[in-house]
Number of protein chains: 2
Amino acid sequence: MELIDGKKVAAEIKATIKKEVDDRLAGGFKRPHLAAILVGNDGGSETYVANKVKDCHEVGFESTLIRLDESVAVETLLSEVTGLNQNPEIDGFIVQLPLPRHINEQLIIESIDPKKDVDGFHPVNIGKMTLGIDSFLPATPAGILRLLEYYQIETAGKHCVVIGRSNIVGTPLSILLSRKNSPGNCTVTLCHSHTQNLKGYCREADIIVAALGKPEFLKGDMVREGAVVIDVGTTRVPSAESKTGYRLTGDVAFAEVAPKCAFITPVPGGVGPMTRIGLLHNTLKASSGKKI
Amino acid sequence: MELIDGKKVAAEIKATIKKEVDDRLAGGFKRPHLAAILVGNDGGSETYVANKVKDCHEVGFESTLIRLDESVAVETLLSEVTGLNQNPEIDGFIVQLPLPRHINEQLIIESIDPKKDVDGFHPVNIGKMTLGIDSFLPATPAGILRLLEYYQIETAGKHCVVIGRSNIVGTPLSILLSRKNSPGNCTVTLCHSHTQNLKGYCREADIIVAALGKPEFLKGDMVREGAVVIDVGTTRVPSAESKTGYRLTGDVAFAEVAPKCAFITPVPGGVGPMTRIGLLHNTLKASSGKKI
């Protein structure tokens, strides 16, 4: 069994991105600039955005953080988005989700210029991904593809079972793995809450992606010997042993499953660190070729 | 075994659409107006467009056909598209594919206003479909959903094997059948040229959609008793017995497969007639709520 070390891979990719930024600057090209809009003071969102800003700093990107009050008017948020759409200095930006309940998230997502939509959530980018056209890929699926690539895990002709059909992980990943591409060319079965005999599908899978958000859902008897298991789950489970009072738990019962696997991602330290890489890659792509 | 009669269902739906048009006109609403751009003189395209115009006439839509020469400049085609985008009289329009080789099809598709893209090929519409947001669905997948609905074929929790991952049939249908919807909630396995042991997947499927374009590919021994088989193939195979010199052949070896099925679509007369309904439905939707 080989452990897929997302932290290591992410660090290596960051170093490559930093080098690319240095090369671009030396060549008279622009420093990539990512902006983030953060509405309100949700603890999780604060942490995510702080990490994204930190990542930017590490790889040599410029970053701008726009903070708006929890009670911000939709019009004000839309006008901030328009400002970033029009600002040639900003290559890409994100609006950190979730948004307060009085704001229609889909409306905001669709107001972002698809060419600056580095989260890859705009329907134009999702549509291009579905059609196999070059686009900004959503971060988590893109991170998983990079891990498969890094560990040279063969996907062509393999049977991949994706558990969970969310718009940001399961569905796009099932599409990406089915495409005529590398990684890709998998035979993908997308499973979800209505799937009957999930165990049967999993036991026949070469690759299992668990992305349903149920701690330790995938048990040892659901996995065949030699499978590749990718664990996307990150649920906070209360823990007396941890200083924070909780521990991050994946969708895979790691202790039972790991011994049977050819490759497996741990939680934390597997898919998680790669998710942050996606945003950097998309921002690098968005600023590509732009002169100062 | 019950034969799925696409011709009958299409005729019934057309009658419903005609009634809806009459009601709208009586209520002071606008008559739906579909335009089609036909470039060159390809025989297949001529027939398809002529049928679409005929359909419009039957259901009471207005139709406009714009013919452009095979050698048309991209700029001229783009300016026709812009004209239709801006013309408030036109509710929806299509650019008949394929286009001559000197024209980038994707560029043209993306130049169509998504709100008038009644073929459902624009990335915005494909993206919304993928995200489960209301949009114009591509015609063939939408037609198949309607057949499943009409014959009250249960899809929730069923295993559906889709053979073929094209952008206009296999891929979108696999997404639509996976969604939290009715029809939908299937466990879908998307198979294609890289799939190993295709027979194994098919034999376990409750529903098989053959959309690979290989005449009589799906044989009797690939289908289990009681399966539902949807045949999307329509290949012209030379035939001495036909006046036209060819006959339309599906992807299913009908004589072998049909006796095992709970439901099966014939070719011709199954999915084909429903494909033309999709365009009418989308045009009806595009013109919805518009006053004269």
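The rules we used
- Residues numbered from 1 in each chain as written.
- Chains lettered and ligands numbered in written order.
- Predicted model: local features only at pLDDT ≥ 70, side-chain atom pairs only at ≥ 80, totals over all residues.
- Helix = DSSP H or I, 4+ residues; strand = E, 2+ residues; numbered from the N terminus.
- Rg over C-alpha atoms; globule rule 2.2 N^0.38 Å.
- Buried ≥ 20, exposed ≤ 12 C-beta atoms within 10 Å, placed from the backbone.
- Contact = placed C-beta atoms within 7 Å.
- Pairing = 2+ DSSP bridges.
- Right-handed = clockwise from strand over helix to strand, strands pointing away.
- Least-squares fit on C-alpha atoms with pLDDT ≥ 70 in both.
- Expected span 1.5 Å × (residues − 1).
- Arc of directions from axis to C-beta.
- Nonpolar A, V, L, I, M, F, W, Y, C, P; charged D, E, K, R; others polar.
- Domains from an automatic or database assignment.

Colleague: Hey, could you run me through the overall build of chain A in this one?
Modeller: For chain A, the count of helices and strands is 10 helices and 11 strands. Expected size for 292 residues packed as a compact globule is a radius of gyration near 19 Å; at 19 Å, chain A falls within 12% of this value. Principal-axis analysis of the C-alpha atoms gives chain A an extent of 55 × 45 × 40 Å. Counting all 292 residues of chain A, 49% fall into the buried class. Within chain A, counting contacts between residues at least 6 apart in sequence, those at least 24 apart form 69% of the total.

Colleague: It is not clear to me how the pairing of strand E5 (residues 159-163) of chain A should be interpreted in this structure. Could you clarify?
Modeller: Successive residues of a regular strand alternate their side chains across the two faces of the sheet. All names here are of chain A. Most of E5 sits inside the fold, with 5 of its 5 residues counted as buried. Burial of E5 is two-sided: the residues His-159, Val-161 and Ile-163 facing one way and the residues Cys-160 and Val-162 facing the other way are all buried. Sheet analysis places E5 next to strand E6 (residues 187-191), joined by 5 bridges and oriented parallel. Bridge assignment links Val-161 to a residue of E6, and that residue is Thr-189. Note on the crossover from E5 through helix H7 (residues 170-178) to E6: the handedness is right-handed. In terms of strand pairing, E5 meets strand E7 (residues 207-210) through 4 bridges, oriented parallel. Looking at E7, one finds that Ile-163 is bridged to Ala-210.

Colleague: Where do I start with the relation of the copies chain B and chain A in this structure?
Modeller: Rotating chain B by 180° and moving it 0.0 Å along the rotation axis overlays it on chain A with an RMSD of 0.0 Å. Expressed as a symmetry operation, the mapping of one chain copy onto the other fits a two-fold axis. When the interface residues of chain B are mapped onto chain A, 100% of them again fall at the interface, so both copies present the same face.

Colleague: Can you help me understand helix H3 (residues 74-86) of chain A in this one?
Modeller: Since there are 3.6 residues in each turn of an α-helix, residues three or four apart along the chain are aligned in direction. Residue and element names in this part refer to chain A. For H3, with 13 residues, the first-to-last C-alpha span of 18 Å sits near the 18 Å given by 1.5 Å per residue. All buried positions along H3 are accounted for by Leu-77, Glu-80, Val-81 and Leu-84. Along the axis of H3, the buried residues cluster in a sector spanning 100°; they form a single face. Facing away from the buried side of H3 by more than 90 degrees, the exposed set consists of Glu-75, Ser-79 and Gln-86. Where H3 is buried, its residues touch strand E2 (33-39), strand E3 (62-68), strand E4 (92-95) and helix H4 (105-111).

Colleague: Would you take a moment to explain the sheet that holds strand E11 (residues 261-264) of chain A for this structure?
Modeller: Here we have 12 strands laid out as an open sheet, ordered E1(A)-E11(A)-E8(A)-E7(A)-E5(A)-E6(A)-E6(B)-E5(B)-E7(B)-E8(B)-E11(B)-E1(B), and mixed in their pairing. What marks the edges here is a single partner per strand, and that holds for strand E1 (2-3) of chain A together with strand E1 (2-3) of chain B. Bridge analysis of E1(A) against E11(A) gives 2 bridges, and the strand direction is parallel. The partner of Glu2(A) across the bridge, within E11(A), is Phe263(A).

Colleague: Help me out: how do you make sense of helix H5 (residues 123-131) of chain A in this one?
Modeller: Counting buried positions along H5(A) gives 9 out of 9 residues, so the element sits mostly inside the fold. Listed as buried for H5(A) are Pro123(A), Val124(A), Asn125(A), Ile126(A), Gly127(A), Lys128(A), Met129(A), Thr130(A) and Leu131(A). In this fold, the buried residues of H5(A) make contact with H4 and H7 of chain A together with helix H5 (123-131) and helix H7 (170-178) of chain B. Following H5(A) by one or two positions, Gly132(A) adopts a phi angle in the positive range, close to 80°.

Colleague: Where do I start with the interface of chain B and chain A in this structure?
Modeller: By a widespread convention, an interface's size corresponds to the accessible area lost as its parts come together. Counting residues at the interface gives 25 residues for chain B, matched by 25 residues for chain A. Elements that contribute at least two residues to the side of chain B that touches chain A include exactly H5, H7 and strand E6 (187-191) of chain B. With 8 residues, H5(B) is the largest single contributor of residues to the side of chain B that touches chain A. In terms of residue class, the side of chain B that touches chain A is made up of 9 nonpolar, 14 polar and 2 charged. Inspection of the sheet shows E6(A) paired to E6(B) by 3 bridges, in the antiparallel sense. Looking across to E6(B), one finds that Val188(A) is bridged to Leu190(B).

Colleague: Is there a simple way to explain the environment of His122(A) in this structure?
Modeller: Structurally, the position occupied by His122(A) is in the loop between H4 and H5. If we ignore the near neighbours within four places in the chain, the residues touching His122(A) are Ile109(A), Glu110(A), Ile112(A), Pro114(A) and Asp117(A).

Colleague: I tried to follow the domain arrangement of chain A on my own but got confused; where do I start?
Modeller: In terms of domains, chain A is made up of domain 1 (29-113) and domain 2 (139-273). The distance between the C-alpha centroids of domain 1 of chain A and domain 2 of chain A comes to 29 Å.

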